[in-house]
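These are the residues of each chain, in order.
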Amino acid sequence: MKTTADFMKRKQTNEPITMVTAYDAPSAKLAESAGLDAILVGDSLGMVVLGYTSTIPVTVDDMVLHTKAVRRGAPNTFVVADLPHLSYHGSFDATLSNVRRLVQEAGADAVKLEGGATVCSEIKALTEAGVPVMGHIGLTPQSVAVMGGYKVQGKDRESARKLIEEAKAVEKAGAFSLVIECVPAELGKLISEQVTIPVIGIGAGVDTDGQVLVYHDLIGYGDVHVPKFVKAYTNVSEQIQQALESYHDEVKRRQFPTEAHSFTVKEDVLQGLYG
Ligand code: KIV
Ligand code: NA
């Protein structure tokens, strides 16, 4: 997929959109060669790569650095970059200068921001300025302190209705797509049916217009807590740990490097060098 029109087309033809996060060039390259429809440079970066306990400390500089790396690794994939915490809540000028860095400097095709009605004016203004915006509602990790923890959203009728309204508001503001995180599967389906833009779910059931997962969760890399909605398709942590242990062990036993990994010179070069 190359454009926001391709996202729309997928919804119209009922073909699920596949999205995965990535934070560096080699992982982005693998995502591109695996044929993923889109890559999200998520601010989950803070937790799975930078070692923070939430996404709150992630800065625009962090996002620019990692978006650049992803762009280099996946030059032909649609790349969405997260606007980090508090980078779109001040003046529109400030928001615009952050967005400019992600798009012009780092090469993102679109930006994503969290929230419903409160961020609709930003979504509208950015879209009018020519920057495609992906919304993000439901569980919004940048507001975890206000939400009181990482919990399933929209479990009662009142909050479910509010989420449907938020999805419609984000659509109306001009977002080209919408992430919905950690809601009951029935609500994921309902919301996907009630808006015309593609809804990309994470922990939102099988009936959304697409799915997104965090790269490290998907491949089983790292020790960050993995939520119920994640499927780990492999466990690379085990493989990496084994490789590191083998290396450590072989060096201690002088089994590595062998001749195959060493350089040599002709004997006469060494003449006169022996002390
Ligand atoms: O930062 C992230 O990885 C995200 C996805 C979980 C949607 O926002
Ligand atoms: Na995010």
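Presented here is a report on the structure given in the accompanying data block. Here the structure is a predicted model, which is why all the values come from computation and not from measurement. (Residues numbered from 1 in each chain as written. Chains lettered and ligands numbered in written order. Predicted model: local features only at pLDDT ≥ 70, side-chain atom pairs only at ≥ 80, totals over all residues.)

## Focus on the overall build of the protein chain
Put simply, the test is: Secondary structure follows DSSP: runs of H or I at least 4 residues long count as helices, runs of E at least 2 residues long count as strands, and numbering of each begins at the N terminus. Exposure in this text rests on C-beta crowding, where 20 or more other C-beta atoms within 10 Å of a residue's own make it buried, 12 or fewer make it exposed, and counts in between make it partly exposed. The C-beta atoms are placed from the backbone. We call two residues in contact when the distance between their C-beta atoms, placed using the backbone, is within 7 Å.
The secondary structure content of the protein chain amounts to 12 helices and 8 strands. The principal-axis extents of the C-alpha atoms in the protein chain amount to approximately 85 × 40 × 35 Å. Split into buried and exposed, the 275 residues of the protein chain put 42% on the buried side. For the protein chain, the share of sequence-separated contacts (at least 6 apart) that also reach a separation of at least 24 residues comes to 58%.

## Re the packing of helix α6 (residues 120-128) against helix α8 (residues 157-173)
Each packed pair of helices is defined by two parameters, the angle between the axes and the distance between the axes. Definition in use: Only the stretch in contact is used when a helix axis is fitted, and all axes are lines through C-alpha atoms; the angle between N-to-C directions ranges over 0 to 180 degrees. For classification purposes, an angle smaller than 35 degrees is called roughly parallel, one larger than 145 roughly antiparallel, one from 65 to 115 roughly perpendicular, and anything else oblique. It is the rotation of the near helix from the far one that decides the hand of a crossing: anticlockwise by less than a right angle makes it left-handed, clockwise makes it right-handed. Residues are grouped as follows: nonpolar covers Ala, Val, Leu, Ile, Met, Phe, Trp, Tyr, Cys and Pro; charged covers Asp, Glu, Lys and Arg; every other residue, Gly included, is treated as polar.
Following both chains from N to C, one finds α6 and α8 inclined at 25°, their axes separated by 8 Å at the closest point. As judged from the angle between their axes, α6 and α8 are roughly parallel. As for the relative orientation of α6 and α8, their crossing is right-handed in sense. From α6, C120, I123 and K124 reach across to α8, where they touch A169, V170 and A173. Each residue belonging to the contact of α6 with α8 can be placed in one class, and the counts come to 5 nonpolar, no polar and 1 charged.

## Notes on the nonpolar core
Cut-off, in case you're wondering: Here, a nonpolar core denotes buried Ala, Val, Leu, Ile, Met, Phe, Trp, Tyr and Cys residues that are linked to one another through C-beta atoms within 7 Å.
Core analysis: the largest hydrophobic core is formed by 65 residues, its most contacted members being I39, V111 and L178. The dominant element in this core, judged by the number of residues it contributes, is α8, at 5 residues. Here V111 is in contact with V80, A81, L83, V99, L102, V103, V131 and V133, once residues within four sequence places are set aside.

## Description of helix α11 (residues 236-252)
Inclusion rule: Given the number of residues in a helix, its expected span is that number minus one, multiplied by 1.5 Å.
With 17 residues, α11 ought to run about 24 Å at 1.5 Å a step, and its terminal C-alpha atoms sit 24 Å apart, in line with that. Counting buried positions over the 17 residues of α11 gives 0, only a small fraction of the element. Positive phi shows up at R254, right after α11, with a value of about 55°.

## Quick look at the sheet that holds strand β1 (residues 17-21)
For clarity, the cut-off: Pairs of strands are assigned from DSSP output, requiring at least two bridges between the strands.
Pairing is parallel in the closed barrel, where 8 strands are placed in the order β1-β2-β3-β4-β5-β6-β7-β8. Taken pair by pair, the neighbouring strands of this sheet meet at an average axis angle of 25°, ignoring direction. Pairing analysis gives 5 bridges linking strand β5 (residues 133-138) to strand β6 (residues 177-181), with the strands arranged parallel. Bridge pairing in β6 places M134 opposite S177.

## Here's the deal with the environment of D156
Along the chain, D156 turns up in the loop between α7 (144-147) and α8. Looking at D156, the number of C-beta atoms within 10 Å reads 8, which means it is exposed. Along the primary structure D156 and L50 are separated by 106 residues, whereas in three dimensions their C-alpha atoms are 35 Å apart.

## Let's talk about the environment of P257
Checked against the element boundaries, P257 lands in the loop between α11 and α12 (267-270). In this structure P257 comes out as exposed when scored by C-beta crowding, with 11 C-beta atoms within 10 Å.

## Details of helix α4 (residues 60-73)
Quick note on the threshold: The arc in question is the one traced by the directions running from the helix axis out to the C-beta atoms.
End to end, α4 covers 20 Å across 14 residues, agreeing with the expected 20 Å (1.5 Å per residue, within 8%). Looking at α4, one finds that the buried residues are V60, M63, H66, T67, V70, R71 and G73. Seen along its axis, α4 keeps its buried residues to an arc of 155°; they face one direction. Where α4 is buried, its residues meet α2 (25-33), β2 (38-41), α3 (45-48), β3 (78-82) and α5 (92-105).

## Focus on unusual backbone geometry
For the bond from F256 to P257, the omega torsion is -5°, close enough to zero to count as cis. If you check the backbone angles, N14 has positive phi at about 60° while not being a glycine. Assignment of secondary structure puts N14 in the loop between α1 (4-12) and β1. Under the C-beta neighbour-count criterion, N14 is labelled exposed, with 7 such atoms within 10 Å. Of note in the backbone geometry, L86 takes a positive phi value of approximately 65° without being a glycine. Overall, L86 belongs to the partly exposed group, with 13 C-beta atoms counted inside 10 Å.

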